[in-house]
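Below, each chain spelled out in residue letters.
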Amino acid sequence: MPHRVAVLALDGLLPFELGIPARIFGRSLDPAPGNKGGKLYEVVTCSIRPPGPVRTDSDYAILVEHGPEALATADTVVIPASYELGRVFEEGRLTEELAAALALVRPGTRMVSICTGSYVLAAAGYLDGRPATTHWSSADHFQRLFPQVRVDPDVLFVDDGDVLTSAGVAAGIDLCLHLVRRDHGSAVANEIARRTVVPPHRDGGQAQYIHRPVPEPQFATTTAARAWALGRLDRPILLRDMARQESMSVRTFTRRFREEVGVSPGQWLTQQRVERARHLLESSDLSIDQVARDAGFGTATSLRQHLQAALGVPPTVYRRTFRRASADTP
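Remember, predicted model here, so these are calculated numbers, not experimental data.

### Quick look at the pairing of strand β6 (residues 110-113)
The alternating pattern of β6 places R110 and V112 and M111 and S113 on opposite faces, both of which are buried. Sheet topology places strand β5 (residues 76-79) next to β6; 4 bridges connect them, and they run parallel. Paired with V77 across the two strands is M111, which belongs to β6. Where β6 and strand β10 (residues 163-166) come together, 3 bridges link them in parallel fashion. Bridge assignment links V112 to a residue of β10, and that residue is L164.

Shown next as structure tokens:
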């Protein structure tokens, strides 16, 4: 059976964020030959009340066809943001209706929040003593209201195993893609990202908000240099060679690259090489030395250091863990 995801629609919800789980999980397809094209997730939207309309923050309501009983059947529960959290936002306490609905969630269910949906997780006690994040503009208030939570206001999302929290809007897409990647590997996540026309991977530790002026409109971009680099990740790539692809000075290229991508060229290259290494570890039987060479790290030691820094595990453990998880997935 597909992994069942229940999305909890609360009054005052943001329609964009409500639709993220259905768009990412609902379009994730099984690449295995025996079940190619089969859905990996079943996504249902539910309310804390019997089926019926749920108010949004816009000038329309959404008709939700499932009541709180759907939470009892979920493997993952996703709680998007709402602008009408009432005493959850003001006092850090659940309403009776919300508490009764969450009481139906089975022990061991994976809990996920998008943006200020983290207030619901915190009020329910899921975040006690754990790291979490929320939208940067609410982080100070969130920390004061829930001092028992270890709030990181700067990151896109926090993965603490069975409880995950994300910052606002686009970070919810990043978190859902991260879960697909965690559940089924980078190839599946990259394919749904390509279909959704979003970046396949933004690291959770990337800053969610950088206060800087919007760059002036410009015709020159760094797109060609990035495409050139992606085609030769297994070889040495110098900053001056990337700049030469765009006929720019190194200084101008570096500035434009940061404006467009949000990180330095060196950081971006490392991210892409880590992604290449993950894909090879998941999908091939190449030796660790060969994976290191093909991903552009040169040596197994360098690969081990970068994978440990990015994922917290060495290559052999990542390969073994991923393959065991894949074998256990129904």
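### So, the state of the cysteines
According to the stated counting rule, one finds 0 disulfides in the structure shown. For the unlinked cysteine C46, the closest cysteine sulfur is that of C176, found at 15 Å. Unpaired in this structure, C115 has its nearest cysteine sulfur neighbour in C176, at a distance of 13 Å.

### Some remarks on helix α13 (residues 300-311)
Between its terminal C-alpha atoms α13 stretches 16 Å, which fits the 16 Å expected from 12 residues at 1.5 Å a residue. All of the buried residues along α13 are A300, S302, L303 and L307. Down the axis, α13 shows its buried residues gathered within 155° of arc, on one side only. Exposed residues lying more than 90 degrees from the buried face of α13 are Q305 and A309. With its phi angle positive at about 85°, G312 sits one or two positions after the end of α13.

### Some points on unusual backbone geometry
Although it is not a glycine, C115 adopts a positive phi angle of roughly 60°. The phi dihedral of V169 falls on the positive side, at around 50°, and the residue is not glycine. Secondary-structure assignment places V169 in the loop between β10 and α6 (170-184).

### What to know about the nonpolar core
One finds I24, F25, V78 and V180 to be the most contacted residues of the largest nonpolar core, which totals 33 residues. Of all the elements in the fold, those that place two or more residues in this core are β1 (3-8), α1 (15-25), α6 and α7 (186-196). Take this core: its biggest share by element is 7 residues, from α6. Formed by 31 residues, the second largest nonpolar core is a distinct cluster that contains L85, Y119, A122 and V163.

### What about the pattern of salt bridges?
Once their charged atoms are close, side chains differing in charge can pair, the charge on each being opposite to the other. Inspection of the entire model under this criterion finds 19 salt bridges. With a closest N to O distance of 2.9 Å, R110 and D183 form a salt bridge. Here the residue R110 occupies a position in strand β6, and D183 occupies one in helix α6, the gap between them amounting to 73 residues. Judged by its relative accessible area of 8%, R110 is buried. For D183, a relative accessible area of 16% gives the class buried. As a salt-bridge pair, E275 and R278 come within 3.5 Å of each other at their nearest N and O atoms. With E275 and R278 both in helix α11 (residues 265-283), this residue pair falls 3 residues apart, about one helical turn. Each member of the pair E275 and R278 is classed as buried. Several salt bridges share partner residues, and in doing so they unite D11, R49, R55 and E84 into one network.

### Focus on the confidence of the model for the protein chain
Here the protein chain shows a mean pLDDT of 89. Residues at 70 or above account for 91%. Low pLDDT, under 50, characterises residues 209-217; the predicted model gives this stretch 5 contacts beyond four residues in sequence or across chains.

How each quantity is defined
Residues numbered from 1 in each chain as written. Predicted model: local features only at pLDDT ≥ 70, side-chain atom pairs only at ≥ 80, totals over all residues. Heavy atoms only, no water. Buried < 20%, exposed > 50% of the residue type's maximum accessible area, 1.4 Å probe, protein only. Helix = DSSP H or I, 4+ residues; strand = E, 2+ residues; numbered from the N terminus. Pairing = 2+ DSSP bridges. Disulfide = S-S within 2.5 Å. Expected span 1.5 Å × (residues − 1). Arc of directions from axis to C-beta. Core = buried A, V, L, I, M, F, W, Y, C linked by side-chain atoms within 4.5 Å. Salt bridge = Lys/Arg side-chain N within 4 Å of Asp/Glu carboxyl O. pLDDT = per-residue confidence, 0-100. Contact = heavy atoms within 4.5 Å.

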